[in-house]
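# Fold and contact review
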Amino acid sequence: MEVIIVPDRSKAALLTARIIDKELRTKPELVLGLATGRTMERVYAYLAVFHQREGLDFSKCHTFNLDEYIGIPSTDPGSYRQYMDEHLFRKVNIRHEQTHLPNGAAEDLGAECRQYEDKIKQLGGIDLQLLGIGGDGHIGFNEPLSALRSRTREKALTPDIARVPRRAITMGVGTILDCRRCLLLATGESKASILAKAVEGPITAMVTASALQLHPRCQVVVDEEASAALHGQDYYRWIFDNEPEWAAFRDLDNLEPR
Ligand code: GLP
């Protein structure tokens, strides 16, 4: 794992979007794994601007989202399909057929999950998977105690009064670990303690993001607030400031859209 610490949430989203921008320009037929949640909204806003102002081209790429609710149609404003259409897909040049989310309204949910895995395989696997982190350390909807080798499946969600759907289809932790590159974005002080557990704590199914420690190429982008509980901050900053891989990403002002 590598941890990149930037001053604030806007810069963290900018850096994340620029990493995606670089991957997509290097490989236009990229298979891109996407995530939902408030944290990602700024990343998608940047990607939309890169498309509009700088010609970032989505026409050849395919996207796979981590998860989708069960029990609501994809037309429901609370569905992740609607979230993705609103925040990204409608704003860039990607055809609907190239954007994949599990169908939480499928009659046979087991078959839907298997087909989702098959589709990822058919397209050559996920090149870059974008991830957020839930308050309990979950990635996708891999709630605490999810098997660390799990595949796409139906999952009961931890009870939350504010959230109506009780179940979701989610890529498994094993599905996520199969991608070629992982990029986790966490911002804000509310994520500080769980992020430290995921990055520096023991690997445990209680914090499914900790399984990312097993991934050979996983980078974690955080703002100062979310980095507050990390012990190895000095080392992480040194890596970002000195490793050649990050040279093009260090001057954050230069990453702003023109
Ligand atoms: C949900 C999603 C996750 C996301 C998490 C955090 O649980 N299934 O993929 O990472 O929310 O969301 P937020 O960015 O709003 O904190």
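Everything that follows concerns the structure shown earlier in this document.
I will try to describe carefully the structure that is included in this document. Please read these numbers as outputs of a predicted model, since none were measured by experiment.

Judged by nonpolar contacts, the single largest core of 77 residues is most densely connected at L15, V43, Y44, L47 and L184. Sorting elements by how many residues they give to this core places helix α1 (residues 9-26) first, with eight residues. With five residues, the next largest nonpolar core counts I70, A106, L109 and I169 among its residues.

This part covers the sheet that holds strand β7 (residues 153-156). With respect to topology, three strands assemble into an open sheet ordered β4-β8-β7, the strand pairing being antiparallel. Bordering the open sheet on either side are β4 (67-70) and β7, each of which pairs with just one other strand. Strand-to-strand twist in this sheet, taken as the mean axis angle between neighbours without regard to direction, amounts to 30 degrees.

Below, the discussion takes up the pattern of salt bridges. Evaluation of the coordinates by the stated rule reveals 17 salt bridges. Residue R181 pairs with E23 through a salt bridge whose shortest N-O separation is 2.5 Å. Taken together, the residues R181 in strand β9 (residues 181-186) and E23 in helix α1 connect sequence positions 158 residues apart. R181 sits in the buried class, given a relative accessible area of 6%. Given a relative accessible area of 18%, E23 falls into the buried group. A cluster of three or more residues bridged by salt bridges with shared partners is formed by R18, D21, R25 and E54.

Below, the discussion takes up the environment of L123. Tracing the backbone shows L123 in the loop between α4 (109-122) and β6 (128-131). On the basis of relative accessibility, which here comes to 32%, the residue L123 falls in the partly exposed class. Along the chain, L123 and I70 lie 53 residues apart, while their C-alpha atoms are 25 Å from each other. Contact partners of L123, with chain neighbours within four places excluded, come to V31, H62, F64 and H100.

Now for the packing of aromatic side chains. Aromatic ring pairs: the centre-centre distance and the angle between the two ring planes describe each pair. Applying the stated criterion across every chain yields a total of nine aromatic pairs. Of note, R18 hangs over the ring of F50, and the distance from its end group to the ring centre comes to 3.7 Å.

So, on to the pairing of strand β1 (residues 2-6). Summarising burial for β1: four of the five residues are buried, a large majority. Here β1 runs beside strand β10 (residues 218-223); their pairing, made up of five bridges, is parallel. Across the sheet, E2 pairs through a bridge with Q219, a residue of β10.

Here the focus is unusual backbone geometry. Positive phi values are uncommon outside glycine, yet L145 reaches one of about 80 degrees. The residue L145 is located in the loop between β6 and β7 in this model.

With that settled, the discussion passes to the side chain of Q233. Mapping Q233 onto the fold places it in helix α7 (residues 233-242). The class of Q233 is buried, set by a relative accessible area of 17%. Sequence-distant contacts of Q233, that is, excluding residues within four places in its chain, are made with I5, S227 and A228.

All right, on to the packing of helix α2 (residues 38-54) against helix α3 (residues 80-87) then. α3 packs onto α2 with a crossing angle of 35 degrees between their chain directions and a minimal axis gap of 10 Å. Facing M40, E41 and Y44 of α2, the residues of α3 in contact are Y83, M84 and H87.

What follows concerns the site of the ligand. Contacts to the ligand come from T36, G37, R38, T39, D67, Y80, G132, I133, H138, G140, F141 and K191. With respect to the ligand, the side chain of T39 contributes an N or O atom lying 2.5 Å from an oxygen atom. The contact in question runs from an oxygen atom of the ligand to an N or O atom on the side chain of H138, over 2.7 Å. Its free accessible area being 390 Å², the ligand has 84% of it covered by the protein chains. When grouped by side-chain class, the residues that make up the shell around the ligand number three nonpolar, six polar and three charged.

Procedures and definitions
- Per chain, the residues get numbers from 1 upward, laid out in the order the sequence is written.
- With the structure being a predicted model, the display of local features is reserved for residues of pLDDT at least 70 and the display and counting of side-chain atom pairs for 80 or more, all residues being used for whole-chain, interface and lining totals.
- With hydrogens and water set aside, each side-chain value is computed from the structure's full complement of heavy atoms.
- Take the buried residues of types Ala, Val, Leu, Ile, Met, Phe, Trp, Tyr and Cys, join any two whose side-chain atoms come within 4.5 Å, and each joined set is a nonpolar core.
- Exposure categories follow from relative accessible area, calculated using a 1.4 Å probe and restricted to protein chains: below 20% of the type maximum is buried, above 50% is exposed, and the middle band is partly exposed.
- Helix and strand assignments come from DSSP, with helices taken as H or I runs of at least 4 residues and strands as E runs of at least 2, each series counted from the N terminus.
- Should DSSP find at least two bridges between two strands, the strands are taken to pair.
- The axes used here are C-alpha line fits, helices contributing only the stretch in contact, and every angle between their N-to-C directions lies in the interval 0 to 180 degrees.
- The rule for a salt bridge is simple: a side-chain nitrogen of Lys or Arg has to be within 4 Å of a carboxyl oxygen of Asp or Glu.
- Only heavy atoms matter for contacts: two residues are in contact if any of them lie within 4.5 Å across the pair.
- Here a pair means two rings of Phe, Tyr or Trp (six-membered ring of Trp) with centres within 6.5 Å. Their orientation is stacked below 30 degrees between planes, edge-to-face above 60, and tilted elsewhere.
- A ring is scored as having a charge over it whenever the NZ atom of a lysine or the CZ atom of an arginine sits within 6 Å of its centre and within 35 degrees of its normal.
- Here a residue is near a molecule or strand as soon as one of its heavy atoms is found within 4 Å of it.
- Within 3.5 Å is the distance limit for a polar contact, defined as a pair of N or O atoms, with the added protein rule that one can donate a hydrogen and the other accept it, and that residues adjacent in sequence qualify only through two side-chain atoms.
- Calculation of accessible area relied on Shrake-Rupley with a 1.4 Å probe; when residues are assessed, cover is drawn exclusively from the protein chains displayed.
- Note on residue categories: nonpolar means Ala, Val, Leu, Ile, Met, Phe, Trp, Tyr, Cys or Pro, charged means Asp, Glu, Lys or Arg, and polar means any other residue, Gly included.

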